[in-house]
Amino acid sequence: MILLTNYEGRSGVPRTVELLKNKTNAIYSIIEGIKLVEENPEIHTVGANSLPNLLGQLELDSAVMDGNTRRSGAVGAIKGFKHPIEIAYHIMTDIEHEILVGAGAERFAEEIGAEKYVNETEYTKTSWEEFLNDHLTYEQKEKFPHIRLLDIKDKPNDPEHLFDTTVYLAQDYSGRIATATSTAGWPWKYPGRLGDSPIIGAGSYADSRYGACACTHTGEMTIRAGTARSVVLYLKMGLSLADAVYESVMDLAELKTGFINAVTVHAIDNKGNYKVIALNPQKEIKYIVWHPDLKEPQVKNAEIMRT
Ligand code: ASP
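Residues numbered from 1 in each chain as written. Predicted model: local features only at pLDDT ≥ 70, side-chain atom pairs only at ≥ 80, totals over all residues. Heavy atoms only, no water.

**Describing the sheet that holds strand β9 (residues 263–269)**
Operational definition: Any two strands are treated as partners once DSSP identifies two or more bridges connecting them. Strands are runs of DSSP state E lasting at least two residues, helices are runs of H or I lasting at least four, and both sets are numbered from the N terminus onward. For helices, the fitted axis covers only the stretch in contact; all axes are lines through C-alpha atoms, and the angles between them, taken along N-to-C directions, range from 0 to 180 degrees. What makes two residues a contact is simply this: any of their non-hydrogen atoms within 4.5 Å.
The strand order across the open sheet built from five strands is β7-β8-β9-β10-β13, with neighbouring strands paired in mixed fashion. Two strands bound the open sheet, and with one partner strand each, they are β7 (204–207) and β13 (303–305). In this sheet, neighbouring strand axes are inclined to one another by 20 degrees on average, regardless of whether the strands run parallel or antiparallel. As paired strands, strand β8 (residues 211–217) and β9 are joined by seven bridges and run antiparallel to one another. Its bridge partner lying in β9, C215 is registered against V265. The sheet strands contacting helix α8 (residues 227–236) are β7, β8 and β9, and the helix crosses β8 at an angle near 150 degrees. The strands touched by helix α9 (residues 241–253) within the sheet are β9, β10 (274–279) and β13, with β10 carrying the most contacts at an inclination of about 20 degrees.

**Some remarks on the packing of aromatic side chains**
Condition: Working definition: rings of Phe, Tyr and Trp (its six-membered ring) pair if their centres are within 6.5 Å, and the pair is stacked with planes under 30 degrees apart, edge-to-face with planes over 60 apart, and tilted otherwise. Three labels apply to residues, based on accessible area from a 1.4 Å probe with only protein chains included: buried if under 20% of the type maximum, exposed if over 50%, partly exposed otherwise in between.
What the rule picks out here adds up to four aromatic pairs. Considering the side-chain rings of F131 and W188, the 5.0 Å spacing of their centres and the 20 degrees angle between planes classify their relative orientation as stacked. With F131 in helix α5 (residues 122–135) and W188 in the loop between β6 (177–183) and β7, this pair connects stretches of sequence that are 57 residues apart. Each of the two residues, F131 as well as W188, counts as buried. Consider the rings of W186 and F259, whose centres lie 4.9 Å apart with planes at 65 degrees: the pair is edge-to-face. Of the two residues, W186 sits in the loop between β6 and β7 while F259 sits in the loop between α9 and β9, which places them 73 residues apart along the sequence. Residue W186 is classed as buried on the basis of its relative accessible area of 14%.

**Brief notes about the pairing of β7**
A regular strand places its side chains so that they alternate between the two faces of the sheet. Residues S204 and A206 point to one face of β7 and Y205 and D207 to the other, with burial holding for every one of them. Sheet topology note: the β7/β8 ladder contains four bridges and is antiparallel. By the bridge assignment, S204 is partnered in β8 with A214. Where β7 folds back onto β8 in an antiparallel hairpin, the turn is made up of three residues.

All we've got here are geometric facts, nothing functional implied.
In structure tokens form, the structure reads like this:
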């Protein structure tokens, strides 16, 4: 048994650990933890209280994968719901698709009775207004939102290095491995942008036979490198967990064009080992691990690699 999460996921860890200890299956255990992160008012990059896109709309992404069946469920750019992770779970269990986005995803969410939510926190509203104030010309402000968003003078940037999805990777008492992710993507992203969090194989992948991987930060890179699937495939090919993660980080480091920034790769294998490497981070990257030999979950620093 093991649980590995990024630091952004800390508010849900005690709940997931309690469930895993009680022999609850890995999928339910990680979903229950992530729900607590999604509704945490202190977290501005995951769930209901996150910073919005360029138009001030909150678009959320999430995915879950069952390593026993390799079924997954993912939702992209969904607006107006509290728990994208629950919607992703129901996509995995209630419909013969793996990903739903936009209006169709919202319709599906209503049909399964998902809880609605509109983010009206003061912090979110003021941060977005400050962003517009600093980055739009007088003319653009007059015409907003009927402007070419591509013309905004600086590229949208993360205001407080707030990049962070939450990722949970777990193996339960029965050996089932599962992953789940939830994110608002980047603050001020172009409307409709999907990162890696809802893309199985890029932002997460689970296979109970070998292990699992989930990534945070620059989804534009892990989508191109197929990072999460690569780690599990390297494990299948016989590499150790440390070598599998290292190889996938080298694949990312090879990318030279497009948007290049930090990526953190989190992985576990089916023997209870874990490994986290942060490529070119702008700050210290922490993660949380728990397994039955540890009384309490431990916060650790990721190994750092720079190019
Ligand atoms: N990976 C996420 C994305 O690209 C963002 C993050 O983890 O900070 O949407």
